[in-house]
Amino acid sequence: MLELKNISKTFNAGTVNQKVALNGLNLTMAEGEFVTVIGGNGAGKSTMLNAIAGVFPVDTGKITIDGVDVTNLAEYKRAKYIGRVFQDPMMGTAATMQIEENLALAARRGKPRTLRPGITKADREFYREQLKILDLGLEDRMTTKVGLLSGGQRQALTLLMATLQQPKLLLLDEHTAALDPKTAAKVLDATQRIVDRSHLTTMMITHNMRDAITYGNRLIMMYEGHVVVDVRGEEKKNLTVEQLLNLFSKASGSDEADDKLLLS
Amino acid sequence: MNFFLSLFNAMPGAVTQGMLWGIMAIGVYITYRILDVADLTVDGSLATGGAVCVMLMRAGWNPWISLLCAFLAGVLAGLCTGLLHTRCGIPAILAGILTQLALYSVNLRIMGGKANQPIGVDKYDLLVSQRYVRELTLNNPIPLVILVLAVLTGLLYWFFGTEYGSSLRATGANQNMARAQGINTKSGITFGLMLANGMVALAGGLLAQYQGAVDVNMGRGAIVIGLAAVIIGEVLLGKVFRNFALKLTAVVIGAVIYYMVIQLVLQLGLNTNDLKLLTALVVALFLAIPYWKTVVLPRKKEV
Ligand SMILES: Nc1ncnc2c1ncn2[C@@H]1O[C@H](COP(=O)(O)OP(=O)(O)OP(=O)(O)O)[C@@H](O)[C@H]1O
Ligand SMILES: [Mg+2]
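Residues numbered from 1 in each chain as written. Chains lettered and ligands numbered in written order. Predicted model: local features only at pLDDT ≥ 70, side-chain atom pairs only at ≥ 80, totals over all residues. Heavy atoms only, no water.

Considering a nonpolar patch on the surface
Residues and elements named next belong to chain B. On the surface, a nonpolar cluster with roughly 630 Å² of combined accessible area is contributed by Leu-285, Ile-289, Tyr-291, Trp-292, Val-295 and Val-296. Mapped onto the elements, Tyr-291 comes out in helix 11 (residues 275–296). Judged by relative accessible area, which is 55%, Tyr-291 ranks as exposed. (Patch = residues over 30% accessible without salt bridge, like charges linked within 9 Å, V, L, I, M, F, W, Y side chains within 5 Å. Areas by Shrake-Rupley, 256 points an atom, 1.4 Å probe, with all protein chains shown as cover. Salt bridge = Lys/Arg side-chain N within 4 Å of Asp/Glu carboxyl O. Helix = DSSP H or I, 4+ residues; strand = E, 2+ residues; numbered from the N terminus. Buried < 20%, exposed > 50% of the residue type's maximum accessible area, 1.4 Å probe, protein only.)

Overview of the interface of chain B and chain A
Counting from both sides, the interface comprises 22 residues of chain B and, opposite them, 33 residues of chain A. Across the interface of chain B and chain A, roughly 2,300 Å² is buried in total on both sides, 54% from carbon and sulfur atoms. Linking chain B with chain A are 3 salt bridges, by the criterion used here. With its nearest N and O atoms 2.9 Å apart, the salt bridge here joins A:Glu75 to B:Arg179. Inspection of the chain B/chain A interface yields 11 residue pairs in polar contact (both at pLDDT 80 or more). Looking at the side of chain B that touches chain A, the elements with two or more residues in it are helix 5 (141–159), helix 6 (163–173) and helix 7 (175–180) of chain B. Sort the elements by how many residues they give to the side of chain B that touches chain A and helix 6 of chain B lands first, with 7 residues. Of the residues in the side of chain B that touches chain A, the class split is 9 nonpolar, 9 polar and 4 charged. (Contact = heavy atoms within 4.5 Å. Buried area = accessible area lost by both parts, 1.4 Å probe. Polar contact = N/O pair within 3.5 Å; in protein donor to acceptor, adjacent residues only side chain to side chain. Nonpolar A, V, L, I, M, F, W, Y, C, P; charged D, E, K, R; others polar.)

With respect to the nonpolar core
All names here are of chain B. Core analysis: the biggest nonpolar cluster contains 73 residues, and Ile-23, Met-24, Leu-46 and Phe-160 have the highest contact counts within it. Counting only elements with at least two residues in this core, the list comes to helix 1 (2–34), helix 2 (42–58), helix 3 (63–86), helix 5, helix 8 (185–211), helix 9 (222–237), helix 10 (244–267) and helix 11. The element contributing the most residues to this core is helix 1, with 14 residues. (Core = buried A, V, L, I, M, F, W, Y, C linked by side-chain atoms within 4.5 Å.)

Here you go:
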């Protein structure tokens, strides 16, 4: 489904701020896989997701989604294949527009935008049904401006928007990190339900070791711009946080597991 | 008594001028409020519209067709700014200034090298003219201006409710989100600039007819007047006018109030030369108020 081949990305190349963010990254994901991604601050996790989404061009390598080479495709064109939820709750929705207007925008992802009315009656019913899945009561507030929602509600809405048009790939970048624990659990729960419902191929970055083990069927760890640990299936299910920390210290070559770096 | 009488006599003119500038201000609203781009092209494209319309009418063209051509000329001006901004990576404000500067030369060329070209109401079949603004006849420009405003507002209301129109609103609200939802933000911004400058040039075409001449400097400071209209409309009516069509109407009302106030302060003895200073001060003040509110008052809590 997704293939990253030898991806490299250096920011501010040739300046004092030069930073190698991705360094010969290779990763292949099969259809229906749900990969959790962990790694210390600056390991390149967000850069990997942004490279896949096309936020910036990569320096080297090739990105293939479902057999299509998207390496040189503009971000807005790639959006056809990709649903995204960002770490910042402000980033995924249009605050000055209504809930139903945001959903209508998402419903046209990857389709031509014509001069037909943005929202029809039938659309509205469909959105209402979809909002019920989130179990946040948003289905009764469809004409509320999104700017009035809480961070958690906005993240849940962004999640729904990312999956309204079934994406080939769902990218979640610490999408619960800005939320309080209770809300985070709710949004994660909704994530699980939505991913299960349509068997979405998913990549989820998290700093929470427990979540990384609980969710998904494969776990990768990044370090200095590439994948250093890759476990799946039974082996992943049986992982403990302690084992993960050990794996990390081995992979990064440091004696002690710097769990501050990993867990932050 | 004399003061009030002459003020009263001046009101139809102020209202009409306000409504004509209101068309222009709707263009500013599209860029400044919907697309979140400060577009300075308008100072040039207003005169472009006036120049195209007047020169075509002087050449014997039908006034409506001339007006349509003025609109299209504005669309082209917007396209220039859009391309400079989205395809050449020039910041929007600077792109607008560049186009505006270039338009000064272009406008002079359109006007045959003259800085002013008259279009007399006696010789030409004008759509709107200052001369009849206080007459209760079919020549009075006010009904026609209201009709034009109603049609434009209706069209824009429809357009920004369509799938494509919504994608432009999303682009202005949050470009990250827009791109993530597959919206081509570059072409959207360019289209918005074209539409807005088309409106501005249309207003320029009507204004030139209304005044009976086009002047190469007629657009100087237009952006500030447009902003004044947008802000006055929002401050006075923002709480009650929620619907998009009503918001556009508020912009026009803002422009009308602006010209009524200008008329008032002129009658009170303000020097015409100081007008732009006053306008700039008022707009600066209204732009600063929202900022001061966030600095002084604590942030409003999320619900
Ligand atoms: N746009 C950018 N410009 C310059 N440097 C960048 C940019 N984006 C990321 N970097 C740098 O690239 C490195 C990798 O960043 P990235 O955001 O991918 O890390 P991460 O694994 O997501 O970390 P975190 O857990 O803190 O989110 C960091 O050193 C970061 O400073
Ligand atoms: Mg990150």
